[in-house]
Amino acid sequence: MTKRNSPNCIKSNRNYTVIDVSEALGVHPKTVRNWLRVGLPVVDDKRPLLINGADLKVYLKQKRKAVMFECKEHEMCCFRCKQAVKPNVESVNFIAKAAGMAHMTGLCDECGCRMNKYVSWRKVNDIWLELEGKLPIAEKHLILRGQNLLNCPFNGVFSDEK
Ligand SMILES: [Zn+2]
């Protein structure tokens, strides 16, 4: 049994089923389902679940780096600084993904390198406050590209503070 776990064989412009991913990376389908539970986004809620190749690459990179340095909720892993850093608050964007996830992007405060990670929409407010952003978060930091606005996650995120 070989565990390659290399994102290089994944194509960004393709969608993959759980089985596809498991075969491409040489990991058990259970492992892939576990990734879905802990943050790998799916394309939509339809069955079979499809995973976007670009999302998978980012996720695998994030996972590998996360072993090297722990990131706090509001921190991101800078590949150039090789450490967890706080992104520049003005550069931070949250891009809507299916299943309640957000793709967070931002520039490293130290070196300006672009960073990526996946977070839950429920955490967006907390992360924003930790970064010393002012609430409510400005619309320019939220990208709902490709998402059905009827299911806009913000209704829950911003009005449902329990
Ligand atoms: Zn950096």
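Per an unreviewed UniProt entry, the protein is named Helix-turn-helix domain-containing protein, and its organism is Vibrio caribbeanicus ATCC BAA-2122.

Student: Tell me what's going on with the sheet that holds strand β7 (residues 114-120), and back it up with residues and numbers.
Tutor: Spatially, the 4 strands line up as an open sheet ordered β7-β6-β5-β8, and their pairing is mixed. Looking at the sheet topology across the chains shown, the edges are occupied by β7 and β8 (142-143). In this structure, strand β6 (residues 101-107) lies alongside β7, joined through 7 bridges in antiparallel fashion. Within the sheet, the bridge partner assigned to Leu107 lies in β7 and is Arg114.

Student: Can you tell me about the packing of aromatic side chains, naming the residues and giving the values?
Tutor: One pass over the full model with this rule turns up 2 aromatic pairs. Note on Trp35 and Tyr59: the rings are 6.0 Å apart at their centroids and 50 degrees apart in plane angle, and the pair reads as tilted. With Trp35 in helix α2 (residues 29-37) and Tyr59 in helix α3 (residues 53-68), this residue pair connects regions lying 24 residues apart in the sequence. In terms of burial, Trp35 and Tyr59 fall into one category: buried. Considering the side-chain rings of Phe94 and Trp121, the 6.5 Å spacing of their centres and the 50 degrees angle between planes classify their relative orientation as tilted. Of this pair, Phe94 sits in strand β5 (residues 93-96) while Trp121 is found in the loop between β7 and α4 (124-130), placing the two residues 27 residues apart along the sequence. Of the two residues, Phe94 and Trp121, neither departs from the other in class, the shared state being buried.

Cut-offs and rules
- Residues numbered from 1 in each chain as written.
- Predicted model: local features only at pLDDT ≥ 70, side-chain atom pairs only at ≥ 80, totals over all residues.
- Heavy atoms only, no water.
- Pairing = 2+ DSSP bridges.
- Helix = DSSP H or I, 4+ residues; strand = E, 2+ residues; numbered from the N terminus.
- Phe/Tyr/Trp six-rings, centres within 6.5 Å; stacked < 30°, edge-to-face > 60°.
- Buried < 20%, exposed > 50% of the residue type's maximum accessible area, 1.4 Å probe, protein only.

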